[in-house]
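These are the residues of each chain, in order.
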Amino acid sequence: MEWLLWLLVFMLGAALGSFANVVIYRLPLAESVVTPPSHCFSCGARLTVLDLVPVLSYLLLRGRCRHCGHRFSARYALVETVCGLLAMGILLLLGPTWQALATFVICYCLVIILFIDLDHMIIPDEFVGIIAVVGVALDVAELVRRGAPAAVSFSEWVGPTAFTVYLPRSLVGLVGGAGLLLLLGFVFEKALGKPSMGGGDVKLAGAMGAVLGPGYHFLSYFLLAVVAGAVVGVALMALRLRGRRDYIPFGPMLAAAGIAVLLFGDTIVPWVIARFTL
Ligand SMILES: [Zn+2]
């Protein structure tokens, strides 16, 4: 019977993915995500429960509207599948814990950010904000549980007395993450003579800094995003899909690298550190 539970978890994740599709489509257009209910873009027919079973409806109807035969983008099913797999994978890795729930919320926001940035070159503050808040909340819970060892601390001797300052890892990570992107943006702007880093990228890196803390997890995450960005950028230029002057959004790299490090950090972080440190 265990497979039934996993199917349920997948369908729950996919149903949330279905809502993510609505948010990805409507939020940048400043439309309500609640009304009107989902409808076919072509004939306007309202989609019923039958059309909205995640992934399954898409496969059964071969991606077409039941009423007019209009073809829906395969991306709707892709987003649903990704969210379903995330729900399963996170539960498998972390078990039924608060940390698993928090990790899913962060990954879910990253999926939404990835596709909105891909479509509109906008990183919505709402979802960056949720990531930062969840990151700080997880850190506060850890501080309460473990006390001082969970904080960033430094001591300084003033005369005969040592003063130790304790700072929450999430806040140091937030400032450090945003600062690193600001610095990178500044360097790129000087080198290329044009602005190349959006404010949204800076905020997203800050939020991920709050989640990953100031350390090798964030460093690996950052290097992964930069390398992925370079590889995708070069590939797009080689395929002549983008020119040298075109802007390629960095948000999708920051989002995808975030999901990778959150899920597979135990494998990725030691691998990256072994290659990029002295
Ligand atoms: Zn239709």
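Reference entry: report on the structure contained in this document.

Conventions and cut-offs
- Residues numbered from 1 in each chain as written.
- Predicted model: local features only at pLDDT ≥ 70, side-chain atom pairs only at ≥ 80, totals over all residues.
- Heavy atoms only, no water.
- Pairing = 2+ DSSP bridges.
- Helix = DSSP H or I, 4+ residues; strand = E, 2+ residues; numbered from the N terminus.
- Expected span 1.5 Å × (residues − 1).
- Buried < 20%, exposed > 50% of the residue type's maximum accessible area, 1.4 Å probe, protein only.
- Contact = heavy atoms within 4.5 Å.
- Polar contact = N/O pair within 3.5 Å; in protein donor to acceptor, adjacent residues only side chain to side chain.
- Axes fitted to C-alpha atoms, helices over the stretch in contact; angles between N-to-C directions.
- Nonpolar A, V, L, I, M, F, W, Y, C, P; charged D, E, K, R; others polar.
- Donors = N, O, S within 2.8 Å, 3.2 Å for Na, K, Ca; no water.
- Salt bridge = Lys/Arg side-chain N within 4 Å of Asp/Glu carboxyl O.
- Phe/Tyr/Trp six-rings, centres within 6.5 Å; stacked < 30°, edge-to-face > 60°.
- Patch = residues over 30% accessible without salt bridge, like charges linked within 9 Å, V, L, I, M, F, W, Y side chains within 5 Å.
- Areas by Shrake-Rupley, 256 points an atom, 1.4 Å probe, with all protein chains shown as cover.
- Parallel < 35°, antiparallel > 145°, perpendicular 65-115°, else oblique.
- Core = buried A, V, L, I, M, F, W, Y, C linked by side-chain atoms within 4.5 Å.

**Observations regarding the pairing of strand 2 (residues 161–168)**
Piece 1. In this structure, strand 1 (residues 151–158) lies alongside strand 2, joined through 8 bridges in antiparallel fashion. Bridging across to strand 2, Ser 153 finds its partner in Tyr 166.
Piece 2. Hairpin remark: strand 1 followed by strand 2, antiparallel, with 2 residues in the connecting loop; positive phi at Gly 159, about 65°.

**Points about helix 3 (residues 74–94)**
Piece 1. Here helix 3 contains 21 residues, and its C-alpha end-to-end distance of 30 Å stays within 8% of the 30 Å for a straight helix at 1.5 Å per residue.
Piece 2. Of all the residues in helix 3, the buried ones are Ala 77, Val 79, Glu 80, Cys 83, Gly 84, Leu 86, Ala 87 and Ile 90.
Piece 3. For helix 3, the elements touching its buried residues are helix 1 (2–26), helix 2 (56–60), helix 4 (98–120) and helix 9 (251–276).
Piece 4. For helix 3, the side-chain oxygen to backbone nitrogen distance between the N-cap and Arg 75 is 3.0 Å, and the N-cap itself is Ser 73.
Piece 5. Two residues or fewer past helix 3, Gly 95 is found with a positive phi of approximately 75°.

**Considering the packing of helix 5 (residues 125–146) against helix 6 (residues 169–192)**
Piece 1. Two numbers describe how helix 5 lies on helix 6: the axes approach to 8 Å, and their chain directions differ by 145°. In this structure, helix 5 contributes Ala 132, Gly 135, Val 136 and Asp 139 to the contact, and helix 6 contributes Arg 169, Ser 170, Leu 171 and Leu 174.
Piece 2. Of the residues that constitute the contact of helix 5 with helix 6, the class distribution is 4 nonpolar, 2 polar and 2 charged.

**Focus: the coordination of the zinc ion**
Under ideal tetrahedral coordination, the four donors around a metal are separated by 109.5 degrees; under ideal octahedral coordination, the six donors are separated by 90 or 180 degrees.
Piece 1. The zinc ion binds to the protein through Cys 40 (SG), Cys 43 (SG), Cys 65 (SG) and Cys 68 (SG), with metal-donor distances spanning 2.3 to 2.4 Å.
Piece 2. Between consecutive donor residues of the zinc ion, the sequence gaps follow C-x2-C-x21-C-x2-C.
Piece 3. Since its relative accessible area comes to 1%, Cys 40 is described here as buried.

**Topic: the side chain of Thr 103**
Piece 1. Checked against the element boundaries, Thr 103 lands in helix 4.
Piece 2. Given the relative accessible area of 7%, Thr 103 is considered buried.
Piece 3. At a separation of 2.7 Å, a polar atom in the side chain of Thr 103 contacts the main-chain carbonyl oxygen of Gln 99.
Piece 4. Contact partners of Thr 103, with chain neighbours within four places excluded, come to Ile 90, Leu 94 and Leu 262.

**Digging into the pattern of salt bridges**
Piece 1. If you walk through the whole model with that rule in mind, you get 5 salt bridges.
Piece 2. The residue Asp 51 makes a salt bridge to Arg 66 at a minimum N-O spacing of 2.7 Å. You can see Asp 51 sitting in the loop between helix 1 and helix 2 and its partner Arg 66 sitting in the loop between helix 2 and helix 3, a full 15 residues away along the chain.
Piece 3. Take Arg 66: its relative accessible area is 41%, and that puts it in the partly exposed class.

**Considering the packing of aromatic side chains**
Piece 1. One pass over the structure, following the stated rule, counts 4 aromatic pairs.
Piece 2. Taken together through their ring pairs, the aromatic side chains of Phe 218, Tyr 221 and Phe 222 make up a single cluster.

**Some remarks on a nonpolar patch on the surface**
Piece 1. A grouping of Met 1, Trp 3, Leu 4 and Leu 7 is seen on the molecular surface, where their side chains present a nonpolar patch of about 500 Å² in accessible area.
Piece 2. Positionally, Trp 3 belongs in helix 1.
Piece 3. Here Trp 3 falls in the exposed class, since its relative accessible area comes to 59%.

**Comments concerning the packing of helix 7 (residues 199–212) against helix 9**
Piece 1. Remark: helix 7 packs on helix 9, axes separated minimally by 10 Å, with the N-to-C direction vectors making an angle of 10°. Compared by their axis directions, helix 7 and helix 9 come out roughly parallel. Together, Asp 201, Leu 204, Met 208, Val 211 and Leu 212 of helix 7 and Gly 251, Leu 254, Ala 255, Gly 258, Val 261 and Leu 262 of helix 9 make up the contact between the two elements.
Piece 2. Looking at the contact of helix 7 with helix 9 residue by residue, the class counts come to 8 nonpolar, 2 polar and 1 charged.

**Remarks on the nonpolar core**
Piece 1. Counting 55 residues, the largest nonpolar core has Leu 110, Ile 112, Ile 131, Leu 181, Leu 204, Met 208 and Tyr 221 as the members making the most contacts within it.
Piece 2. Listing elements by their share of this core, those giving two or more residues are helix 1, helix 3, helix 4, helix 5, helix 6, helix 7, helix 8 (216–238) and helix 9.
Piece 3. For this core, the leading source of residues is helix 4, giving 14 residues.
Piece 4. Other than its neighbours up to four places away in sequence, Leu 204 contacts Leu 110, Ile 113, Ile 123, Val 128, Ile 131, Gly 251, Leu 254 and Ala 255.

Note that all results are geometric; they support no functional claim without further evidence.
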